[in-house]
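Commentary on secondary and tertiary structure
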Amino acid sequence: MSLTANWSYPTNIRFGAGRISEIAEACVTTGMKRPLLVTDRGLASMDITTSTLDLMDQAGLGRAMFAEVDPNPNDINLAAGVAAYKAGNHDGVVAFGGGSGLDLGKVIAFQAGQNRPVWDFEDIGDWWTRADADAIAPVIAVPTTAGTGSEVGRAGVLTNAESHVKKIIFHPKMLPAIVICDPELTVGMPPVITVGTGLDAFIHCLEAYSSPFYHPMSQGIALEGMRLVKENLPKVFADPNDIDARSHMMSAAAMGATAFQKGLGGMHALAHPIGAKYNTHHGMTNAVVMPAVLKFNRPAIEERIAAAAAYMGIAGGFDGFFDYVMKTRTELGVPDKLAALGVGTDRIDELAALAVDDPSAGGNPIELTVEAAKALLEECI
Ligand SMILES: NC(=O)c1ccc[n+]([C@@H]2O[C@H](COP(=O)([O-])OP(=O)(O)OC[C@H]3O[C@@H](n4cnc5c(N)ncnc54)[C@H](O)[C@@H]3O)[C@@H](O)[C@H]2O)c1
Ligand SMILES: [Fe+2]
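This report concerns the structure included in the present document. (Residues numbered from 1 in each chain as written. Chains lettered and ligands numbered in written order. Predicted model: local features only at pLDDT ≥ 70, side-chain atom pairs only at ≥ 80, totals over all residues. Heavy atoms only, no water.)

In the vicinity of ligand 1 there are 29 residues, among which Asp-40, Gly-99, Ser-100, Lys-166 and His-281 approach most closely. Contact distances for ligand 1 include 3.5 Å between an oxygen atom and a side-chain N or O atom of Asn-72. One of the side-chain nitrogen or oxygen atoms of Lys-166 is found 2.8 Å away from an oxygen atom of ligand 1. Protein contact buries 91% of the 870 Å² of open area that ligand 1 shows by itself. The leading source of residues in the shell around ligand 1 is helix H6 (residues 191-210), at four residues. Here the residues of the shell around ligand 1 sort into eleven nonpolar, 14 polar and four charged. (Near = heavy atom within 4 Å. Polar contact = N/O pair within 3.5 Å; in protein donor to acceptor, adjacent residues only side chain to side chain. Areas by Shrake-Rupley, 256 points an atom, 1.4 Å probe, with all protein chains shown as cover. Helix = DSSP H or I, 4+ residues; strand = E, 2+ residues; numbered from the N terminus. Nonpolar A, V, L, I, M, F, W, Y, C, P; charged D, E, K, R; others polar.)

This next bit is on the coordination of the iron ion (ligand 2). Coordination angles at a metal have ideal targets, namely 109.5 degrees for four tetrahedral donors and 90 or 180 degrees for six octahedral donors. The protein atoms that coordinate the iron ion (ligand 2) are Asp-200 (OD), His-204 (NE2), His-268 (NE2) and His-282 (NE2), at distances spanning 2.1 to 2.2 Å. Coordination of the iron ion (ligand 2) draws on donor residues from a single chain, spaced D-x3-H-x63-H-x13-H in sequence. Of this pair, His-204 sits in helix H6 while His-282 sits in helix H10 (residues 282-312), and the two are 78 residues apart along the sequence. The exposure classification of His-204 matches that of His-282, with both residues buried. (Donors = N, O, S within 2.8 Å, 3.2 Å for Na, K, Ca; no water. Buried < 20%, exposed > 50% of the residue type's maximum accessible area, 1.4 Å probe, protein only.)

For the rest of this paragraph, the subject is the pairing of strand S8 (residues 165-170). With five of six residues buried, S8 is to be regarded as a mostly interior element. In this antiparallel pair of consecutive strands, strand S7 (residues 155-160) and S8, the connection spans four residues, and His-164 shows a positive phi of 55°. (Pairing = 2+ DSSP bridges.)

As for its placement among the helices and strands, Asn-364 is situated in the loop between helix H12 (348-357) and helix H13 (370-380). Here Asn-364 falls in the buried class, since its relative accessible area comes to 5%. Among the polar contacts listed, one links the side chain of Asn-364 to the backbone nitrogen of Gly-266, at a separation of 2.9 Å. Setting aside anything within four residues of it in sequence, one finds Asn-364 in contact with Pro-212, Leu-264, Gly-265, Gly-266, Val-293, Phe-296 and Asn-297. (Contact = heavy atoms within 4.5 Å.)

Take Thr-49: it is sitting in helix H3 (residues 47-58). On the basis of relative accessibility, which here comes to 0%, the residue Thr-49 falls in the buried class. When sequence neighbours within four positions are dropped, the list of residues in contact with Thr-49 reads Leu-37, Thr-39, Leu-43, Ala-44, Met-65 and Phe-96.

What follows concerns the packing of aromatic side chains. What the rule picks out here adds up to five aromatic pairs. Ring plane angle 85° and centroid distance 5.0 Å describe the contact between Phe-110 and Phe-121, whose orientation is recorded as edge-to-face. Of this pair, Phe-110 sits in helix H5 (residues 99-111) while Phe-121 sits in the loop between H5 and strand S6 (139-143), placing them eleven residues apart in sequence. As far as the burial class goes, Phe-110 and Phe-121 line up, both buried. (Phe/Tyr/Trp six-rings, centres within 6.5 Å; stacked < 30°, edge-to-face > 60°.)

Among the nonpolar cores identified, the biggest contains 63 residues, and Phe-202, Leu-206, Met-226, Leu-294 and Phe-321 are the most heavily contacted of them. Breaking this core down by element, the ones donating at least two residues are H6, helix H7 (216-238), helix H8 (243-259), helix H9 (266-278), H10, helix H11 (317-331), H12 and H13. Leave out the neighbours within four places in its chain, and Leu-294 touches Leu-206, Met-267, Ile-301, Ile-305, Phe-318, Phe-321, Phe-322 and Val-325. One finds Val-69, Leu-78, Ile-108 and Met-250 within the second-largest nonpolar core, a separate group that totals 34 residues. (Core = buried A, V, L, I, M, F, W, Y, C linked by side-chain atoms within 4.5 Å.)

Position of Ala-306 among the secondary structure elements: in helix H10. Along the chain, Ala-306 and Ser-51 lie 255 residues apart, while their C-alpha atoms are 46 Å from each other. Setting aside residues up to four positions removed in sequence, Ala-306 forms contacts with Gly-317 and Phe-318.

This part takes up H11. With 15 residues, H11 extends 21 Å from end C-alpha to end C-alpha; this agrees with the ideal 21 Å at 1.5 Å per step. Those residues of H11 that fall on the buried side of the exposure criterion are Phe-318, Gly-320, Phe-321, Phe-322, Tyr-324, Val-325, Thr-328 and Arg-329. The inward-facing, buried residues of H11 abut H6, H7 and H10. At the C-terminal side of H11, Gly-333 shows a positive phi close to 80°. (Expected span 1.5 Å × (residues − 1).)

Here we have seven strands laid out as an open sheet, ordered S1-S2-S9-S6-S5-S3-S4, and mixed in their pairing. In the strand order of this sheet, the two ends are held by strand S1 (5-8) and strand S4 (65-66), each with one partner. Relative to strand S2 (residues 12-15), S1 runs antiparallel, the two being bridged by four bridges. Its bridge partner lying in S2, Asn-6 is registered against Arg-14.

For the coordinates displayed, the defined rule picks out 18 salt bridges. Arg-227 is paired through a salt bridge with Glu-224; the nearest N and O atoms lie 2.9 Å apart. Placement of both Arg-227 and Glu-224 in helix H7 is noted, with a separation of three residues, approximately one turn of the helix. The class of Glu-224 is partly exposed, set by a relative accessible area of 21%. A salt bridge links Arg-298 to Glu-302, with the shortest nitrogen-to-oxygen separation between them at 3.1 Å. In this pair, Arg-298 and Glu-302 both sit in helix H10, four residues apart, roughly one turn of the helix. Looking at Arg-298, the relative accessible area reads 24%, which means it is partly exposed. One network of salt bridges, with partners in common, ties together Arg-14, Arg-19, Glu-22 and Glu-25. (Salt bridge = Lys/Arg side-chain N within 4 Å of Asp/Glu carboxyl O.)

Written out as C-alpha cells, the structure is:
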C-alpha cells in the first residue's frame, strides 16, 4: 500500500514521500507571490532547506529565508521575524522545520498584521477575538521532525525572553492553509531528536487520551496514534531510512496534535517551565517525566490505560503499559532523570508554581497541586 494521500483533516494535508516537490504550487494555491521561508538556525544550511528554496526560486517565488530562530523560540526571534517579513513585503509564510521553526513561522504570519503586543493573544478565554483576523497571513507548514504536530495546530508556543515563561499564542486562523508532510525530510534528524520528537507525539496522544474531558473523536485518534508510535519509533531508531516507518511517525505526530484539542496534562505542564528555564528539548523533557506523572495519575486512569494497552497489544493492563513505557525509554536512550538534561533541584519551587499555572495542567486527570508538582519534580530530577 502506498503511504501517500491527500487529507482535509484537520486541514489540507498532502502526505507522502517526495511531496515537497509541490511546494511552489502550494504557495500559488494559497495566493502567495513573495513567501518568506521561516526555519531555525540549524536547518538553515541543510540540503532539505536549500533544495526547498531552489524549488520556490525556480517557480519565480524567490528564496527569502528568515532563520534567526532558537530552539524554544522567543519574542526576540518573533520581533526580528516580523521585521524581516515587513521589510521583504512578504505575503505569506512557509513554516519549515521542527516545532521551533513551525511555531515561529505561524506566529510571524499571525503577528505581522496585528497592532497589539503578542502576549495579548495568549490562549486564555476568548483573547484570540482581540486579533484582526483579516490581517493574518497564510501559512504553508512543512514539518521536518515527527513530533510536535504543530503543522496541524492552531497555536504557537513562544517563550518570553525576559521572564523565561512559555506561553501559548492561539488563533483559529493560525491553522496552516496547506501542510506538506514529506517523511523523506525527517531522515536526517539526529537520533536524539528522532526519539525526543517521537515520544512527544506519543505523549500528546497519551495525555489527550487520559484527560477527563468529553471528546470521543480525539479519544480514537489518540489511541491509534499511540499504537503507531509503539510500532514505528523502534523501527526508525534502528533504521533512520525506513520511509514507511518515518511516514507512520509523521502521521502519529499530526494525530497527536489533533487529539490534544481534548487537553494535555501534567507531563506537558512540567515540561513547559523546564524547557523555558533550562532550554531542554521539549519532547525529551516530556519523556523523562512521563513515568512519574503516569504513576501519579494511576487512580484516575487505570481502566482506561488498560484498554489502551489491550488495543496496543500490551499484556498486563496498567502495569504492562507502565513496563512498556519504562522499557521503551531505556531502549531509546532516554535519560532516567532530568539531572541528565542539566536540570537542578534549586528551582523546584519556581518550576512547580509555573507548572500548576500552565494551561496544560487543567487536562490532568488528577488535580495538579503545587505540592504534587513539587513531589513530581523531586522524583524526576
Ligand atoms: N505548536 C504546538 O502545538 C507544539 C507542540 C509541542 C511542542 N511545541 C514546541 O516545539 C518546539 C520543539 O520542536 P521539535 O521537538 O520539533 O524540535 P526543534 O524544532 O527545536 O528542532 C530540534 C533540532 O533538530 C533540528 N532538526 C529539525 N529537523 C531536522 C532534520 N530533518 N534533520 C536534521 N536536523 C533537524 C533543528 O535544527 C534543531 O536543532 C518547542 O518549542 C515546543 O515548545 C509546539
Ligand atoms: Fe509536546
